[in-house]
Amino acid sequence: MSKGRDAARAIVFGALIGIILLSTGGCIYCFKGLLTPGWITAAVTLVMTVALGLPMRGLWRWLTGSDSVALALVCQVLSVWPMLTCVVLAVNMAGAGHGRSRVEVPVERVYQETRHQTRRTGRRSYVQGPPYKVCRIDIDVPGAGRRSLDVPRKTYRRVDKGDTIGIDITTGQLGMRYFDVTDLHLRPAPEKERKHRSPRQRRHDRYREHIDSIRKHI
């Protein structure tokens with residue numbers, strides 16, 4: 001009986017970890033395009049999480065084997081909070097929304113970022129894998145400040161600092177304003193300008209921008 005209970009706990013625990021990771025990834029994606037202050041959403045879902053703590057205390061007692069209220073509260077916040085936040089953001093972005101309008105925003109920075117893959121070496125051990133490049137741009141959204149976005153290499157090659165791109169701002173189902181971070185509208189550059197600026201000049205401009213950013217922090 002004990003072995004069966006331990007196996008059930010392990011299955012529930014594994015499923016819970018997977019749901020938490022998916023929910024956290026969904027929150028990160030949605031927050032990138034959310035224009036309404038994110039702390040409001042986080043605060044509301046945190047209150048909802050704590051309110052659900054008492055009804056769910058039995059689950060944490062069974063899963064952890066402890067009657068500790070503090071441990072149950074920690075488990076509640078770490079698991080239910082990202083789930084609720086992801087659900088609220090997903091519901092807000094579901095459907096067509098209303099009040100959609102296109103806004104031109106300036107590109108503040110165009111750059112590449114080095115990240116590393118994760119390689120599994122054992123059942124519970126992971127090590128840093130080979131590096132890879134991610135193309136990114138920083139845009140200045142009115143009323144929301146600077147946002148950093150991952151973009152395809154094709155977009156990275158077409159935009160430069162000082163260009164403008166279009167984003168579609170939508171009011172979601174729950175009244176929170178957002179834009180789709182994958183739907184960027186690039187303004188076609190004049191043919192003369194595209195021919196005038198060679199790839200070498202573009203690389204030089206980005207190098208100078210990188211040097212200037214380093215000097216600001218010295």
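The structure contained in this document is the topic of the report that follows. (Residues numbered from 1 in each chain as written. Predicted model: local features only at pLDDT ≥ 70, side-chain atom pairs only at ≥ 80, totals over all residues. Heavy atoms only, no water.)

### Here's the deal with the overall build of the chain
- Helix and strand counts for the chain stand at seven helices and six strands.
- The N-to-C order of helical and strand elements in the chain reads α-α-α-α-β-β-β-α-β-β-β-α-α.
- Among the 218 residues that make up the chain, the fraction classed as buried is 29%.
- For the chain, contacts bridging at least 24 residues in sequence account for 66% of all contacts bridging at least 6.
- Of the accessible surface of the chain, which amounts to about 14300 Å², a share of 60% is contributed by carbon and sulfur atoms. (Helix = DSSP H or I, 4+ residues; strand = E, 2+ residues; numbered from the N terminus. Buried < 20%, exposed > 50% of the residue type's maximum accessible area, 1.4 Å probe, protein only. Contact = heavy atoms within 4.5 Å. Areas by Shrake-Rupley, 256 points an atom, 1.4 Å probe, with all protein chains shown as cover.)

### Considerations on the packing of aromatic side chains
- Tallying each qualifying case throughout the model produces zero aromatic pairs.
- Its guanidinium or amino end placed over the ring of Y111, R109 lies 3.8 Å from that ring's centre, counting from NZ or CZ. (Phe/Tyr/Trp six-rings, centres within 6.5 Å; stacked < 30°, edge-to-face > 60°. Lys NZ or Arg CZ within 6 Å of the ring centre and 35° of its normal.)

### Examining the packing of helix α3 (residues 57-64) against helix α4 (residues 69-93)
- Relative to each other, α3 and α4 sit at 105°, their axes nearing to 9 Å. As the angle between them shows, α3 and α4 are arranged roughly perpendicular. On α4, the residues touching R57, W60 and T64 of α3 are V69, L71, A72, C75, Q76, S79 and V80.
- Counted by class, the contact of α3 with α4 contains six nonpolar, three polar and one charged residues. (Axes fitted to C-alpha atoms, helices over the stretch in contact; angles between N-to-C directions. Parallel < 35°, antiparallel > 145°, perpendicular 65-115°, else oblique. Nonpolar A, V, L, I, M, F, W, Y, C, P; charged D, E, K, R; others polar.)

### Section: the environment of V103
- Its place among the elements puts V103 in strand β1 (residues 98-120).
- The class for V103 is partly exposed, based on a relative accessible area of 23%.
- When the C-alpha positions of V103 and P142 are compared, they lie 8.9 Å apart, and in sequence the two are 39 residues distant.
- With near-sequence residues (within four places) excluded, V103 lies in contact with P142, I165, G166, I167 and I169.

### As for the pattern of salt bridges
- Enumeration over the complete set of coordinates arrives at 10 salt bridges.
- A salt bridge links R102 to D168; its shortest N-O distance comes to 2.9 Å. One end of the pair, R102, is in strand β1; the other, D168, is in strand β4 (residues 164-171), with 66 residues separating them in the sequence.
- The exposure class assigned to D168 is buried, which follows from its relative accessible area of 9%. (Salt bridge = Lys/Arg side-chain N within 4 Å of Asp/Glu carboxyl O.)

### Overview of the state of the cysteines
- The tally for this structure, following the rule as stated, stands at zero disulfides.
- With no disulfide of its own, C86 has C27 as its nearest cysteine by sulfur position, at a separation of 4.8 Å.
- Judged by its relative accessible area of 18%, C86 falls in the buried class. (Disulfide = S-S within 2.5 Å.)

### A short note on the nonpolar core
- Counting residues in each nonpolar core, the largest one holds 18 residues, and the members touching the most others are I137, I139, L149, I165, I167, F179 and L184.
- Of all the secondary structure elements, the ones that give two or more residues to this core are β1, β2 (126-141) and β4.
- Setting aside residues up to four positions removed in sequence, I165 forms contacts with V103, E104, V105, V107, I137, I139, V159, L184, H185 and L186.
- Residues L16, L63, A72 and C75 belong to the second largest nonpolar core, which totals eight residues. (Core = buried A, V, L, I, M, F, W, Y, C linked by side-chain atoms within 4.5 Å.)

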